[in-house]
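For reference, the chains in residue letters:
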Amino acid sequence: MGNDTHGHDQAFPQPQINEPAPAIVDLKNIKEGDTIHGLVLMDNYAVVPFGNAGKTKIDGTVSTNGVTRKFVVWQGLAYDRLADMQAIGRVAEITASVKTYKDEFQLSITGVTFHHVNVDPSQFQRSVDVTAVREKLSEFLKENVPERTVKLFNDIMQSERLLGSFIKWPAAVKMHDAQIGGLMHHTLKMLRIMRTMIENDPRLEESSELLYLGILFHDAGKIKEIEKGVYTQYSFVTHRIIIVDMLARHKEEIIDVHGEAFYWHLLAIMVGHHGDFEDPCRTVWTKIVHLVDMADSQTTMFMDRKELDNVTVGADGISIWDNGKKLFY
Ligand SMILES: [Fe+2]
Ligand SMILES: [Fe+2]
């Protein structure tokens, strides 16, 4: 086997040890006309056609410290280095100019290299305090959820080898809680909202185990939907169906603890928790989990965008806009 000096080797040369790594690009504080240079995480991108002469360009997103920006690459050396798709999820050193396209910043990347292979991609992502959130979650479960239901959750997640990932997973690629530990954090926030609702209306008490377990599992299928911040090849089935597939493998265990009706109600929550955006809610318990999910995810998404100074209040003083799109009324 000879040493191939073309293809991947050329696109990803050996690290140049003597050259210090450039700074991480501050993607939050950019403005039109800036030229930027430094390290970013290549989130995702694709080769897409443009015009009608069979030409192609690359469209994608890069991020640093939880701030994500769109980019475009026109034909040239940078295009050639990215076109084999091997750079997704990697740290790259880029040179780019900042433009505005459809009311959003867009980086036009003219240079890209991959010299800094030793830079850890995780430092480009935001993260919750994973240890603290994990402790708060176990405390919550201990105080509010009967042991048999906590054990059922742990046993199923462990036998599916998902417990470790559940702790570190982002809740989303974009949107709400797109940070390390985001899935666990989103789950904990929903459990707390649910507890308040049960306290406010004690008639919910008799279904609390179903509601709590429904929340614990509702987004756990995302662990198999997203890998390294990118949707996997089977993500088209969605995390709602991935978790049904998983729970079906543990049907007997669930029925042993809670009975058959509970099992089907749990599946109904998994399938219907996105409400009218996907399969409609067909049980009252599904609707409640959906409302709690919306309350947390929309609030978090709104505050995240506000933090980035993306949102503005409309001329009517009521509507809230994010980069030209109406977010809330
Ligand atoms: Fe979901
Ligand atoms: Fe959710």
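Structure: see above.
Quick caveat, the model's predicted, so the values are computed rather than measured.

Topic: the nonpolar core
Working step 1: The biggest cluster of nonpolar side chains holds 37 residues, and the ones touching the most others in it are Y212, I215, L247 and L266.
Working step 2: At the level of secondary structure, the elements contributing two or more residues to this core comprise α4 (147–159), α6 (182–200), α7 (208–218), α9 (238–248), α11 (260–272) and α12 (284–307).
Working step 3: Sort the elements by how many residues they give to this core and α7 lands first, with seven residues.
Working step 4: Dropping the residues within four chain positions of it, Y212 is found in contact with V145, T149, L191 and M194.
Working step 5: Counting residues in hydrophobic clusters, the runner-up holds 21 residues, among them V25, V62, V73 and L82.

Quick look at the sheet that holds strand β4 (residues 91–101)
Working step 1: A barrel is described by the order of its strands in space; here five strands give the closed sequence β1-β2-β3-β5-β4, paired in mixed fashion. Each strand of the sheet is rotated relative to its neighbour by a mean of 45°, with strand direction disregarded.
Working step 2: Where β4 meets strand β5 (residues 104–113), nine bridges bridge the pair, whose relative direction is antiparallel. Opposite Y101, over in β5, you have E104 as the bridge partner.

With respect to unusual backbone geometry
Working step 1: In this model, R161 sits at a positive phi of 55°, which is unusual for a non-glycine residue.
Working step 2: Take R161: it is sitting in the loop between α4 and α5 (163–168).
Working step 3: R161 sits in the exposed class, given 9 other C-beta atoms within 10 Å.

Let's talk about the packing of α6 against α12
Working step 1: Look at α6 against α12: their axes get within 9 Å of each other, and the N-to-C directions meet at 125°. Taken together, α6 and α12 sit at an angle that is classed as oblique. Crossing geometry of α6 relative to α12 is assigned as right-handed. Where α6 approaches α12, its residues H186, K189, M190, I193 and M194 are matched on the opposing element by V292, D293, A295, D296 and S297.
Working step 2: Residues of the contact of α6 with α12, tallied by class, amount to five nonpolar, two polar and three charged.

Here's the deal with α11
Three or four residues apart is the spacing at which side chains of an α-helix point the same way, because the helix has 3.6 residues per turn.
Working step 1: When the terminal C-alpha atoms of α11 are compared, their 19 Å separation across 13 residues agrees well with the 18 Å that a helix rising 1.5 Å per residue should span.
Working step 2: Taken as a whole, α11 has its buried residues at Y263, H265, L266, L267, A268, I269, M270 and G272.

Here's the deal with the pairing of strand β1 (residues 35–50)
If a strand is regular, its side chains alternate between the two faces of the sheet.
Working step 1: Alignment of β1 against β4, held across seven bridges, turns out to be antiparallel. Each residue of the ladder has a partner; that of I36, found in β4, is A96.
Working step 2: As paired strands, β1 and strand β2 (residues 55–64) are joined by nine bridges and run antiparallel to one another. Residue pairing in the sheet places P49 in a bridge with T56 of β2.
Working step 3: Linking β1 to β2, which pair antiparallel, is a turn of four residues; within it G51 sits at a positive phi near 65°.

Rules and cut-offs
- Per-chain numbering applies: the sequence of each chain, read as written, is numbered from 1 onward.
- A letter from A marks each chain and a number from 1 marks each ligand, given out in the order of writing.
- Whole-chain, interface and lining totals are the exception, using all residues; otherwise, since this is a predicted model, local features are given only for residues with pLDDT of at least 70 and side-chain atom pairs are given and counted only at 80 or more.
- Note on terminology: a nonpolar core is a set of buried residues of type Ala, Val, Leu, Ile, Met, Phe, Trp, Tyr or Cys, with members joined through C-beta atoms within 7 Å.
- Burial is judged by counting other C-beta atoms within 10 Å of a residue's own C-beta: 20 or more means buried, 12 or fewer means exposed, and anything between counts as partly exposed, with every C-beta placed from the backbone.
- The helix count covers DSSP runs of H or I at least four residues long, the strand count covers runs of E at least two residues long, and both are numbered beginning at the N terminus.
- With C-beta atoms placed from the backbone, a contact is any residue pair whose C-beta atoms sit within 7 Å.
- The pairing criterion is simple: DSSP has to find at least two bridges between the two strands.
- The angle between two axes is taken between their N-to-C directions and runs from 0 to 180 degrees, where each axis is a line fitted to C-alpha atoms and a helix contributes only its stretch in contact.
- Roughly parallel means an angle under 35 degrees; roughly antiparallel, over 145; roughly perpendicular, 65 to 115; everything else is oblique.
- With the far helix as reference, a near helix turned anticlockwise by less than a right angle produces a left-handed crossing, and one turned clockwise produces a right-handed crossing.
- Classification used: nonpolar for Ala, Val, Leu, Ile, Met, Phe, Trp, Tyr, Cys and Pro, charged for Asp, Glu, Lys and Arg, polar for all others including Gly.
- One less than the residue count of a helix, multiplied by 1.5 Å, gives the span that helix is expected to have.

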